[in-house]
Amino acid sequence: MLISNETPLIVHDFFNEPTTQFAHQELTSYWSKIFANASSNVSSPLSINFSRNEHLPFDSYSLHILEDSITISSPLGRGILYGVYELLKLIGCTFIFPSPAHQYIPTLTTFELAPQTITKISSLEFRGLCLYQVSTHTLTESINMIDYMGKNNYNFLLTSINKDDEAVGDFQDIHWEDVGETLYPELIKRGIVIDMSEHSTDYFFPRKKWFLEHPEWFALINGSRHPLQICYSNADAVNEYIKSYCNFVKIHHDFKFIGIWPLDGGGYCECEQCKDPLTILKANKKITHAIGKVRPDLTVEHLAYTPQSLSCPNDDIPDNLSVLVCSIQDTLAYKWGLKAKNKGGAFYFDYDTGDHYRYRTHVWLNPIACKDMVNTFMHYHYRGIISLYLPITSWWQSSLNYYYLSIAYYNPCFDLEAETLKLSNMLFGILNGTILAEALLTTITKLQDKILWSRFPHKFSHQPEHICHRHTSCDALHLESYKQTYAHIQQLIKSVNLDLMTDAQRYQLELFKSYLELQKLFFECIDQFNFDTDSPDKVTPYFEMLEKLQNKYGKVFISPEYAKWRIIGRDNILDPKNTDTLF
């Protein structure tokens, strides 16, 4: 099929619902940009049909391309939208990053599209993101993120009615209450399912109010009550909590899931009844039954997160209860998958792709983790994965990880080398793509070899973290290996022909080089920090580099403000009391 700027586009929408109407708008909008120099000589029209295909699972989709027509089919409207973006990508568009400024739309006069059928089957029903730093201050970035989700087939948003975090700035805040009216229409027209969740206990059970009146409703710690977690074995407290949730869901109908999470962190009750590791789940079952009577359409979400909430029960769980499992991928995670399989389903909460808090301000390029995660939780019968994107203004590494993760959802056994070459060609251009694909792969497989790394979460999980009593000879060996690999990558980059790059490709190369510089400083200054011999000043070059990059590029990598808070502030990871297993 030869498409040209003389080809009129005729769309037949057999769904005619908001998401397919938006798909029609997106197709015609991008088509007019791609074939901007339209000729007055009209050729035969191209017919594009949106049709329903109930034989595909979930929101999977198919493109059937003939000489004079294209049929995009799916069971759901959002699958049609994904098919439209698939077609645009075939023509040359790229949507790797969540800003229109960093997306690529070709300008063409003709394009040859071979007859073919492309079918994309999702391995999991839900492919989700949890966006942190969503507030009135980041409204533009939040809208861009929702647009990015649609273009990369992410169909589930976990958010919070009001999460006001104690972190510096607004990096860990979520304020749906302030921005939901603007964001909701953007989510609906992309068919994105909303999970009103996160650590919102204070919104539904305000401690300032209830602790004064009922201290017995709160955690008993060392013999006295504290305004921390709810005492989940206290029937009156749980009933008040139920009343608050039921009143909320009667009024608000803009979400399909609702989370009933405890507060973040510790502060759990130590009374005799709360020592039972199933106490929180038992209370959540009561809450779930009560919400089900008011809103039978809602799925209620239990958070399996800490020892107080991780245990999987032997008895049944309510049909409208889902479980969000955090961090673990072991036998217990598998048990939860089987327990929730025919109920509300099990979901995995992923910290390895975009969580700068977990990664202590330096998220890795992590395609191997993406591939492993999808295969693991598909095998465990999970309904979906929700990835933590924290914060949304630090987008470069996270976006690349979500590029790989989106591939893994549809091709769990993808070839890492082949997909990295495709990515490299899109980022840096075909003429330099092969050599920079080697640089990317060397970074992922050798520079980020866990054998070299000694601190959480970059190290092997079985190794205890320690910044005291370090084996200096071992550190020197690892540093030398790191430097050799780093030097090899730098040689690859030096061999690139910059004259063959566009400005956008040179920009991406500069960001890749900046990522490497930051990682080297993180490795030398933080991963190899020795409490017995080093002073805290050792980490200063890392902060200075972040400051330099922020001044040069704006919001791309983590901010120096957040990095200082995370590394030497509240959690001070240069203090062995906060890190070392022996303390």
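Look a little higher up for the structure.
For every chain, the first residue of the written sequence is number 1, and numbering continues from 1 onward in sequence order. Totals for whole chains, interfaces and linings use all residues, but because this is a predicted model, local features are given only for residues with pLDDT of at least 70 and pairs of side-chain atoms are given and counted only at 80 or more. Note: side-chain values were computed over all heavy atoms of the structure, leaving out hydrogens and water.

(A) Layout of the overall build of the protein chain. In terms of helices and strands, the protein chain carries 18 helices and 17 strands. Taking 25 Å as the expected radius of gyration for a compact globule of 583 residues, we find that the protein chain reaches 25 Å, a close match to that expectation. Residue burial in the protein chain is summarised as follows: out of 583 residues, 58% are buried. Contacts are assigned to residue pairs that have any heavy atoms within 4.5 Å of one another. Of all intrachain contacts in the protein chain linking residues separated by at least 6 positions in sequence, the fraction that spans at least 24 positions is 72%. Accessible surface, the protein chain as shown: approximately 23700 Å² in total, 53% of it carbon and sulfur. Just so you know, the count uses Lys and Arg for positive and Asp and Glu for negative, and it drops His and the chain ends. Charge coordinates come from a single atom per side chain, which is NZ of Lys, CZ of Arg, CG of Asp or CD of Glu. Each charge class in the protein chain was averaged separately, 50 positive and 67 negative side chains, and the resulting centres sit 3 Å apart. Secondary structure elements are taken from DSSP: a helix is a run of H or I of four residues or more, a strand is a run of E of two residues or more, and numbering for both begins at the N terminus. Atoms considered for the radius of gyration are the C-alpha atoms alone. The globule rule reads 2.2 Å times the number of residues to the power 0.38. Burial classification: accessible surface area is computed with a 1.4 Å probe over protein chains only, and a residue below 20% of its type maximum counts as buried, one above 50% as exposed, and the rest as partly exposed. Every accessible area reported is derived by Shrake-Rupley at a probe size of 1.4 Å, with residue values counting cover from the shown protein chains alone.

(B) Quick peek at the sheet that holds strand S4 (residues 61-65). Two strands pair if DSSP finds at least two bridges between them. The sheet built from five strands is open, its strands ordered S2-S3-S5-S4-S7 with mixed pairing. With one partner strand each, in any of the chains shown, strand S2 (9-13) and strand S7 (116-120) form the two edges of the open sheet. Across the sheet, the mean angle separating the axes of adjacent strands is 10° when strand polarity is ignored. Note that S2 and strand S3 (residues 46-52) share five bridges and pair parallel. Here, axes are lines fitted to C-alpha atoms. For helices the fit covers the stretch in contact, and angles between N-to-C directions go from 0 to 180 degrees.

(C) Structural view of helix H12 (residues 416-428). Between its first and last C-alpha, H12 extends 18 Å over 13 residues, near the 18 Å set by a 1.5 Å rise per residue. Among all positions in H12, only Leu416, Glu419, Thr420, Leu423, Ser424, Leu427 and Phe428 are buried. Seen from one end, H12 has its buried residues packed into an arc of 140°, which puts them on one side. Where H12 is buried, its residues meet helix H10 (367-379), helix H11 (396-410), helix H13 (430-447) and helix H15 (503-527). Any pair of N or O atoms that falls within 3.5 Å is considered a polar contact. Within protein, one atom must be able to donate a hydrogen and the other to accept it, and sequence-neighbouring residues count only if both atoms are side-chain atoms. For H12, the side-chain oxygen to backbone nitrogen distance between the N-cap and Glu417 is 3.0 Å, and the N-cap itself is Asp415. After H12 finishes, the residue Gly429 shows a positive phi value of roughly 95°. By this rule the span expected of a helix is its residue count minus one, scaled by 1.5 Å. Throughout, the arc means that of the directions going from the helix axis to the C-beta atoms.

(D) Local environment of the side chain of Ser122. Note on placement: Ser122 falls in the loop between S7 and strand S8 (126-131). Only 2.9 Å separates the side chain of Ser122 from the side chain of Arg127, close enough to count as a polar contact. Each residue touching Ser122, except ones within four places of it in the same chain, is listed here: Phe58, Asp59, Ser60, Arg127, Tyr409 and Tyr410.

(E) Structural detail: the nonpolar core. Within this scheme, the nonpolar core is defined by two criteria: the residues are buried Ala, Val, Leu, Ile, Met, Phe, Trp, Tyr or Cys, and they are joined through side-chain atoms within 4.5 Å. Counting residues in each nonpolar core, the largest one holds 186 residues, and the members touching the most others are Phe50, Trp396 and Tyr542. At 11 residues, the largest contribution of residues to this core is made by H15. Once you skip the residues sitting within four places of it in the chain, Phe50 turns out to touch Val11, His12, Asp13, Phe14, Phe15, Thr20, Ala23, His24, Leu27, Ile72, Ile80 and Val84. Grouped together as the second largest cluster of nonpolar side chains are six residues, Ala219, Cys231, Cys271 and Cys274 included.

(F) Geometry of the pattern of salt bridges. Counted as salt bridges are all cases of a side-chain nitrogen of Lys or Arg within 4 Å of a carboxyl oxygen of Asp or Glu. The tally for this structure, following the rule as stated, stands at 29 salt bridges. Across the salt bridge formed by Arg470 and Asp475, the nearest N and O atoms sit 2.8 Å from each other. A single burial state applies to Arg470 and to Asp475, both of which are buried. The partner of Lys513 in a salt bridge is Glu510, and the shortest N-O contact between them spans 3.2 Å. Of this pair, Lys513 and Glu510 both sit in helix H15, separated by three residues, roughly a single helical turn. Exposure remark for Glu510: the relative accessible area of 27% places this residue in the partly exposed category. Three or more residues joined by partner-sharing salt bridges are found here, namely Glu26, Asp147, Lys151, Glu186, Lys189 and Arg190.

(G) Region of interest: the sheet that holds strand S15 (residues 321-326). Here we have eight strands rolled up into a closed barrel, ordered S8-S9-S10-S13-S14-S15-S16-S17, and parallel in their pairing. Averaged over neighbouring strand pairs, the angle between their axes works out to 25° when direction is ignored. Two strands pair when backbone bridges link them, and S8 and strand S17 (residues 384-389) are joined in this way by six bridges, in the parallel orientation. Across the sheet, the residue bridging to Leu129 is Ser387, located in S17. Contacting strand S13 (257-259), strand S14 (299-304) and S15, helix H8 (residues 279-294) runs over the sheet at an angle of about 170° to S14.

(H) Broad picture of helix H14 (residues 472-494). With 23 residues, H14 extends 32 Å between its outermost C-alpha atoms, agreeing within 8% with the 33 Å of an ideal straight helix rising 1.5 Å per residue. Those residues of H14 that fall on the buried side of the exposure criterion are Asp475, His478, Leu479, Tyr482, Thr485, Tyr486, Ile489, Gln490, Leu492 and Ile493. Looking at the buried positions of H14, the neighbouring elements they touch are H13 and H15.

(I) Highlighting unusual backbone geometry. Geometrically, the link from Leu390 to Pro391 is a cis peptide bond, its omega value of -15° lying close to zero. In this structure, Pro391 sits in the loop between S17 and H11. Residue Pro457 is bonded to the preceding Phe456 through a cis peptide linkage, with omega at -5°. Note on placement: Pro457 falls in the loop between H13 and H14. For Asn16, which is not glycine, the phi dihedral falls at a positive 55°. With respect to the element layout, Asn16 can be found in the loop between S2 and helix H1 (18-34).

(J) The environment of Tyr404, seen in detail. Relative to the elements of secondary structure, Tyr404 occurs in helix H11. The class for Tyr404 is buried, based on a relative accessible area of 2%. Taking the C-alpha atoms as reference points, Tyr404 and Leu365, 39 residues apart in sequence, are found 9.5 Å from one another. Excluding its chain neighbours within four sequence positions, the residues that come into contact with Tyr404 are Pro367, Cys370, Phe414, Leu416, Glu419, Thr420, Leu423 and Ile444. A polar contact of 2.7 Å, which involves the side chain of Tyr404, links it to the side chain of Thr420.

(K) Molecular detail of the state of the cysteines. We call a pair of cysteine sulfur atoms a disulfide when they lie within 2.5 Å. What the rule picks out here adds up to zero disulfides. Free of any disulfide, Cys468 has its nearest neighbouring cysteine sulfur in Cys474, separated by 16 Å.

(L) Structural context of the packing of aromatic side chains. Stacked, edge-to-face and tilted labels apply to pairs of Phe, Tyr and Trp rings (six-membered ring for Trp) whose centres lie within 6.5 Å, assigned for plane angles under 30 degrees, over 60, and everything in between, in that order. Summed over the entire model, instances satisfying the criterion amount to 51 aromatic pairs. Centroid distance Trp31 to Phe35: 5.2 Å. Interplanar angle 50°. Geometry classified as tilted. Each of the two residues, Trp31 as well as Phe35, counts as buried. Where Tyr380 meets Tyr382, the ring centres are 6.3 Å apart and the plane angle is 50°; that geometry is what we call tilted. Take Tyr380: its relative accessible area is 13%, and that puts it in the buried class. Judged by relative accessible area, Tyr382 falls into the buried class, the value being 5%.

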